[in-house]
Amino acid sequence: MYRVEIFSNKSVEEDITEALENYIPDIYYSTIPLVYGRGGDDRKMGTSTWPETNFLLISYVEDKDLDTVKKVIKAVKEKFSSEGIKMFVLKAEEL
């Protein structure tokens, strides 16, 4: 099992969740709807100076689904190349 964390601009949240649900119908995930911070290109603080915000999606996926998740996110990143979509994968152990 793997923990998948996807950070992205709030504007593509629906595109990402829909794509994941289409290709992995039984995927479960949680989102943190407003994520503030500083990335490689700029800040996302939700203020008048830095108005944009990000969101975070966290999912625990079975080994068999990891390649599908990677392919889905790669496709979304290609479609929305300027939205700063980042994915991190960690090996998870269920206790």
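Notes on the structure follow. This one's a predicted model, so the numbers in the text were calculated from it and none came from an experiment. (Residues numbered from 1 in each chain as written. Predicted model: local features only at pLDDT ≥ 70, side-chain atom pairs only at ≥ 80, totals over all residues. Heavy atoms only, no water.)

### Considerations on the pairing of strand β5 (residues 54–61)
For β5, the tally of buried residues reaches 7 of 8 residues, placing the bulk of the element in the interior. Looking at chain direction, strand β1 (residues 2–9) and β5 are connected through 8 bridges and run antiparallel. The residue of β5 that forms the bridge with F7 is L56. For strand β2 (residues 30–35) and β5, the ladder comprises 4 bridges, and the chain directions are antiparallel. Counterpart to S30 in the pairing with β5 is I58. (Buried < 20%, exposed > 50% of the residue type's maximum accessible area, 1.4 Å probe, protein only. Helix = DSSP H or I, 4+ residues; strand = E, 2+ residues; numbered from the N terminus. Pairing = 2+ DSSP bridges.)

### Looking at helix α2 (residues 63–79)
The end-to-end C-alpha distance of α2 is 26 Å, a good match for the 24 Å that 17 residues give at a rise of 1.5 Å each. Taken as a whole, α2 has its buried residues at D65, L66, V69, V72, I73 and V76. The buried side chains of α2 occupy one side of the element, clustering within an arc of 135° when seen end-on. With respect to the buried face of α2, the exposed residues turned more than 90 degrees away are K64, K71, K74 and E78. (Expected span 1.5 Å × (residues − 1). Arc of directions from axis to C-beta.)

### Section: helix α1 (residues 13–23)
Within α1, the full set of buried residues consists of E13, I16, T17, A19 and L20. The buried residues of α1 occupy an angular sector of 160° when projected down its axis, which confines them to one face. Every exposed residue of α1 that faces more than 90 degrees away from the buried side is listed here: E14 and N22. As for α1, its buried residues are in contact with β1, β2, β5 and α2. (Contact = heavy atoms within 4.5 Å.)

### Focus: the nonpolar core
In terms of nonpolar packing, the biggest core is built from 17 residues, with I6, I16, L20, V69, I73 and I85 touching the most fellow members. Of all the secondary-structure elements, those providing two or more residues to this core are β1, α1, β5 and α2. It is α2 that contributes the most residues to this core, 5 residues altogether. Excluding residues that lie within four positions of it along the chain, I6 makes contacts with I16, L20, F55, L56, L57, I73, I85, K86 and M87. (Core = buried A, V, L, I, M, F, W, Y, C linked by side-chain atoms within 4.5 Å.)

### Description of the pattern of salt bridges
On inspection of all chains with the given rule, the structure shows 4 salt bridges. Here R3 makes a salt bridge to E5, at a shortest N to O gap of 2.6 Å. A salt bridge links E13 to K10; the nearest nitrogen and oxygen atoms lie 2.5 Å apart. (Salt bridge = Lys/Arg side-chain N within 4 Å of Asp/Glu carboxyl O.)

### Concerning the packing of aromatic side chains
Throughout the structure, instances matching the rule amount to 1 aromatic pair. Between F7 and F88 the ring centres are 6.1 Å apart and the planes differ by 80°, which places this aromatic pair in the edge-to-face class. Pair noted here: F7 is in strand β1 and F88 is in strand β6 (residues 86–91), with a separation of 81 residues, a long-range link. Look at F88 and you get partly exposed, because its relative accessible area is 43%. Its end group placed over the ring of Y2, K91 keeps NZ or CZ at 4.5 Å from the ring centre. (Phe/Tyr/Trp six-rings, centres within 6.5 Å; stacked < 30°, edge-to-face > 60°. Lys NZ or Arg CZ within 6 Å of the ring centre and 35° of its normal.)

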